[in-house]
Amino acid sequence: MTERPAQRTPNRQLAALIAEAGFSNAGLARRVDQLGLEHGLDLRYDKTSVTRWLRGQQPRGTTPALIAEVFTRRLGRRLTAQDLGLDACAPVYAGLEFAADPEEAVDIVSGLWRKDSGSHAELRKIAFTSAGLVVPSRDWLIGRADEKVARAEPSARVPAQGRPAPRTLLTPDLLARRRGTAERGPGQRVTGGDIAALRSVAELFRTLDDAYGGGHARQALVRYLEHECEPMLRGTYGEQTGRRLFAAAADLTRLAGWTSYDIAAHGLAQRYFVQALRLAQAAGDRPYGAYVLVTMSRQAVYLGHGREAVQLARVAQQGAGGSAPAAVQSMLHAAEARGHAVLGEVRASTAALVRAERALEGARVGDEVPSWARFFDEAQLADEFGHCHRDLQQFRAAAQHAERSLQLRAAGYARSRLLCRMVLATARLGLGELDQACQLAAEAAGQAAEMRSVRAVEYVRDFERRLEPYRDAGPVRTYRDRVAAHS
């Protein structure tokens with residue numbers, strides 16, 4: 001790769017960090033190459049490349065950010081290119097920043113909305129990084145609600161004296177938007193009716209997602225965020241209205257992440273979740289922040305990062321405290337159980353499931369449950385049990401809980417019912433009930449073909465991989481014929 005001529009000054013910062021991390025020059029080059037592959041880059045660095053960097057040569061493009069991410073993963077703390085004595089560049093971590101204040105949070109998340117609603121297809125190819133979970137979850141846990149979110153007028157912000165400039169990457173389009181906002185004078189006054197509209201739109205898109213999959217109306221949701229929600233966040237509002245506005249924006253942003261996750265745009269989804277977490281902090285809504293962390297935990301489970309899933313669930317439990325509604329408490333423990341199950345930790349998963357069950361049993365008639373948590377009922381808890389027992393290969397228990405969930409689950413939750421049916425099919429297969437397993441899976445596969453959900457398709461594919469030992473059996477041939485008829 002073409003690089004700038006070497007500088008005269010050796011890079012002592014990089015040398016010190018290499019020593020701290022215990023890397024050899026060849027080892028660092030190899031890790032940078034491997035991380036580049038995660039991001040679709042064929043870099044081919046070697047120990048000679050690292051020697052040149054140590055002598056002061058500056059790598060181009062996103063390489064400084066990749067090098068910084070290698071050290072971040074190794075040392076367990078966030079490091080930037082500048083910390084390594086390298087030039088600033090477009091960061092690999094863009095979108096994973098936990099903003100210093102509400103205005104910076106709006107800048108970061110609105111940048112995601114604009115890029116996602118345009119023709120930037122590469123944004124949906126960004127890789128998920130487990131290292132990107134550490135700092136945001138920690139900052140949320142130890143952070144407090146912002147002292148002030150009220151906004152008298154939209155204006156470009158000047159950092160307070162003695163305070164470092166915000167980490168937001170101010171792209172030309174963002175600077176232009178800020179200038180344009182300032183030129184127009186005070187923004188729209190946000191009212192209670194505006195926030196009610198945001199809430200109604202969230203329910204609409206949530207219903208569409210449940211019924212037809214995340215890919216059905218995801219782009220419309222992102223465009224709504226860009227064209228309707230962002231002007232409100234850059235408008236004028238008092239403290240109470242501002243908190244409610246940030247809460248509504250957090251809910252819509254989490255939903256944008258959820259729909260991205262459902263179509264396997266995992267790096268993009270991760271960034272939406274981090275920004276939803278930051279918006280929830282601005283809203284002063286700890287239970288909702290815990291819910292966002294649970295969503296992140298569920299994504300980590302799906303991607304096979306069980307340890308990270310457990311950690312996220314535990315951070316959510318600690319951050320929410322004991323005052324969260326019973327349904328939310330149950331949800332937090334169930335998320336931890338799912339992480340333990342992926343790791344094969346039977347005792348820990350069972351203990352977390354027991355806590356989840358007890359929490360939901362403690363709910364009383366008339367208890368106030370946030371609208372976003374109402375889905376977590378007996379049907380959802382049974383679904384969580386079914387998934388855990390499936391992952392632990394306890395197939396009889398998995399079948400019992402999956403059947404119970406399907407009996408209780410409302411028809412509107414079409415994707416959840418489909419996924420649960422695949423859990424039941426897998427459990428029946430594990431019990432040796434091949435014919436029944438194939439019948440259940442064929443029905444679900446037909447529904448998956450009508451739904452815009454990569455997760456649904458992947459559940460079907462996982463079942464088909466488990467079918468391989470029985471590929472010549474009659475029920476399997478019948479299953480394949482039925483599935484082929486849907487394609």
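On a predicted model such as this, the values are computed, not experimentally measured, just so you know.

## Some points on helix H11 (residues 266-283)
Part 1: With 18 residues, H11 extends 25 Å from end C-alpha to end C-alpha; this agrees with the ideal 26 Å at 1.5 Å per step.
Part 2: Of the residues flanking the end of H11, it is Gly284, one or two places downstream, whose phi is positive at about 70°.

## A closer look at the layout of surface pockets
Part 1: One number sums up the size of the largest pocket: a volume of about 970 Å³.
Part 2: For the lining of the largest pocket, the elements supplying multiple residues, two or more each, are helix H8 (192-212), helix H10 (239-262), helix H12 (286-302), helix H14 (326-342), helix H16 (378-391), helix H18 (414-430) and helix H20 (454-467).
Part 3: Among the elements that make up the lining of the largest pocket, the one with the highest residue count is H20 (seven residues).
Part 4: Here the residues of the lining of the largest pocket are counted per class, giving 21 nonpolar, nine polar and 19 charged.

## Quick notes on the packing of H8 against H10
Part 1: Contact geometry of H8 with H10 gives a least axis separation of 10 Å together with a crossing angle of 15°. Classified by the angle their axes make, H8 and H10 are roughly parallel. Both H8 and H10 take part in a crossing whose hand is left-handed. Contacts between H8 and H10 involve Gly192, Ile195, Leu198, Arg199, Val201, Ala202, Phe205, Arg206 and Asp209 on the former and, on the latter, Thr241, Arg244, Leu245, Ala247, Ala248, Asp251, Leu252, Arg254, Leu255, Trp258, Thr259 and Asp262.
Part 2: Class assignment of the residues belonging to the contact of H8 with H10 gives a composition of 11 nonpolar, three polar and seven charged.

## What about unusual backbone geometry?
Part 1: One non-glycine residue with positive phi stands out, namely Ala264, at about 70°.
Part 2: Residue position: Ala264 is located in the loop between H10 and H11.
Part 3: Ala264 sits in the partly exposed class, given a relative accessible area of 34%.
Part 4: With phi around 60°, Gln393 is a residue other than glycine that occupies positive phi space.
Part 5: Mapped onto the elements, Gln393 comes out in the loop between H16 and helix H17 (395-408).
Part 6: In this structure Gln393 comes out as exposed when scored by relative accessible area, which is 59%.

Basis of the calculations
Residues numbered from 1 in each chain as written. Predicted model: local features only at pLDDT ≥ 70, side-chain atom pairs only at ≥ 80, totals over all residues. Heavy atoms only, no water. Helix = DSSP H or I, 4+ residues; strand = E, 2+ residues; numbered from the N terminus. Expected span 1.5 Å × (residues − 1). 1 Å grid on protein atoms, 1.4 Å probe; cavity = no way out; pocket = protein on both sides within 12 Å on 5 of 7 lines; lining within 4 Å. Points joined across faces, edges and corners; volume = space filled by probe spheres on them. Nonpolar A, V, L, I, M, F, W, Y, C, P; charged D, E, K, R; others polar. Axes fitted to C-alpha atoms, helices over the stretch in contact; angles between N-to-C directions. Parallel < 35°, antiparallel > 145°, perpendicular 65-115°, else oblique. Left-handed = near helix turned anticlockwise from the far one by under 90°. Contact = heavy atoms within 4.5 Å. Buried < 20%, exposed > 50% of the residue type's maximum accessible area, 1.4 Å probe, protein only.

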